[in-house]
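Examining the three-dimensional arrangement
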Amino acid sequence: MNKQSGSPARHTINVRKPNFDLESDLAHDWFDGSAFKTAFENSFSLLFPLGERAFIESVKHFEKDIKDPKLLDEIYSFYGQEAAHRKHHQQYNDLLCRLRGYELEELSKPQVIRHRDRYSLLKPIQRLASTVAAEHLTAILADNLLRDKEHFEGSGKEVAKLWYWHALEETEHKAVAFDVYKTVGGSLKMRRRALLLATYFILKDTFRGIFIMLKHDKQQWKLRTWIDAINFIFIKPGILRTAFLPWLAFF
Ligand SMILES: [Fe+2]
Ligand SMILES: [Fe+2]
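In this text the structure is predicted, and so the values were computed from the model without any measurement. (Residues numbered from 1 in each chain as written. Chains lettered and ligands numbered in written order. Predicted model: local features only at pLDDT ≥ 70, side-chain atom pairs only at ≥ 80, totals over all residues. Heavy atoms only, no water.)

We now examine the coordination of the iron ion (ligand 2). Only Glu82 (OE), Glu135 (OE), Glu135 (OE), Glu170 (OE), Glu170 (OE) and His173 (NE2) from the protein coordinate the iron ion (ligand 2), and they sit 2.0 to 2.7 Å from it. Around the iron ion (ligand 2), the 6 donor atoms sit at angles spanning 52 to 154°, and that spread fits a shape best called irregular. One chain supplies every donor to the iron ion (ligand 2), and in sequence these donors are spaced E-x52-E-x34-E-x2-H. Using a relative accessible area of 0% as the deciding quantity, one classes Glu82 as buried. (Donors = N, O, S within 2.8 Å, 3.2 Å for Na, K, Ca; no water. Tetrahedral: all angles 85-135°; square planar, octahedral: opposite > 155°, others 65-115°. Buried < 20%, exposed > 50% of the residue type's maximum accessible area, 1.4 Å probe, protein only.)

Dropping the structure here:
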């Protein structure tokens, strides 16, 4: 039997069953009182319910080609973790929209249309390549978050716990889709292209959501909003600046 899992023998992926009481956090600018930083995280959360479902389905298609029991075990734990992320982000998004008056349908529209009209037409191996790419991106952000204990400014918020839980599990299962992709003969060229597309769409959707939320909250013309934006993205913690080199490593 060929080894198909690239993870060390003692590495395990644990499916946890957490609970989060998000109501009091999501009603206001929970992230350091900052409209921009709060909108950034809230908008990013919108991408997960549909994304996680697509990740699971893209791997499931190739499950029959996996013979290594270790990789199969990892795949089952991957399904468990991503399904839980999907559920908790759906609750997060529903609650957020109800509490703050955002329209979920309007916010998710480009992603829903893209999945229906473009993603669903891709070949299974292309869908798996997008999962590999998206998993690489989430693993970079997750790794940076786990190294930065003060990311949420010591707010001790439930919503911060949710993000740390998601980051921990993304780190645990980050190799699963990649190992499946390698096993079924996915090419370097295809996953490079998938990373460019995934990066473009994730940034586009996230920033679109941020602008809609800031406009709705009448924060879009405030100086603090954009000072926070420049700091958060490029300086401290520099969420995109610090992601750049590991992003490049994928190529
Ligand atoms: Fe996830
Ligand atoms: Fe994931």
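Under the criterion given, the structure shown has 22 aromatic pairs. Relative to Phe251, the ring of Trp247 lies with its centre 5.0 Å away and its plane at 65°, an arrangement referred to as edge-to-face. Classification of Trp247 as buried rests on a relative accessible area of 16%. Judged by its relative accessible area of 29%, Phe251 is partly exposed. Through a chain of ring-to-ring contacts, the aromatic side chains of Trp30, Phe31, Phe36, Phe40, Phe152, Tyr164, Phe207, Phe211, Trp226 and Phe232 assemble into a single cluster. The ring of Tyr119 carries Arg127 above its face, with NZ or CZ at 5.9 Å from the centroid. Directly above the ring of Phe250 sits Arg191, whose terminal nitrogen or CZ lies 4.6 Å from the centroid. (Phe/Tyr/Trp six-rings, centres within 6.5 Å; stacked < 30°, edge-to-face > 60°. Lys NZ or Arg CZ within 6 Å of the ring centre and 35° of its normal.)

So, on to the coordination of the iron ion (ligand 1). Summarising the metal site, the iron ion (ligand 1) is bound by the protein donors Glu52 (OE), Glu82 (OE), His85 (ND1), His166 (NE2) and Glu170 (OE), whose distances to it range over 2.0 to 2.4 Å. On the primary sequence, the residues serving as donors to the iron ion (ligand 1) are separated as E-x29-E-x2-H-x80-H-x3-E. In this structure, the iron ion (ligand 1) lies 3.6 Å from the iron ion (ligand 2), and both are coordinated by Glu82. With Glu82 in helix H4 (residues 69-100) and Glu170 in helix H7 (residues 158-172), the pair connects residues that are 88 residues apart, well separated along the chain. The burial state of Glu82 is the same as that of Glu170; both residues are buried. (Helix = DSSP H or I, 4+ residues; strand = E, 2+ residues; numbered from the N terminus.)

Right, let's get into the layout of surface pockets. Estimates place the volume of the largest pocket at around 640 Å³. For the largest pocket, the lining is made up of 27 residues, of which Tyr119, Ser130, Leu197, Ala198 and Phe201 are closest to its centre. Taken together, the elements giving at least two residues each to the lining of the largest pocket come down to helix H3 (48-60), helix H5 (104-117), helix H6 (124-147) and helix H9 (188-216). When residues in the lining of the largest pocket are grouped by element, the largest group, 8 residues, is from H9. (1 Å grid on protein atoms, 1.4 Å probe; cavity = no way out; pocket = protein on both sides within 12 Å on 5 of 7 lines; lining within 4 Å. Points joined across faces, edges and corners; volume = space filled by probe spheres on them.)

Moving on: empty space enclosed by the protein. Throughout the structure, instances matching the rule amount to 1 cavity of 30 Å³ or more. Of the volumes computed, that of the largest cavity is approximately 50 Å³. Forming the boundary of the largest cavity are Ser43, Leu46, Leu47, Leu107, Ser108, Pro110, Gln111 and Asp205. Of all the secondary-structure elements, those providing two or more residues to the lining of the largest cavity are helix H2 (35-46) and H5. Its residues assigned to classes, the lining of the largest cavity shows 4 nonpolar, 3 polar and 1 charged. (Nonpolar A, V, L, I, M, F, W, Y, C, P; charged D, E, K, R; others polar.)

With that settled, consider unusual backbone geometry. Cis geometry is adopted by the peptide bond preceding Pro237, which originates at Lys236 and carries an omega value of 5°. Within the secondary structure, Pro237 is located in the loop between helix H10 (223-235) and helix H11 (244-249). Residues other than glycine seldom take positive phi values, yet Asp32 does so here, at roughly 60°. Along the chain, the position of Asp32 falls in the loop between helix H1 (23-26) and H2. Look at Asp32 and you get partly exposed, because its relative accessible area is 36%. For Lys218, which is not glycine, the phi torsion reads 55° and is therefore positive. With respect to the helices and strands, Lys218 occurs in the loop between H9 and H10.

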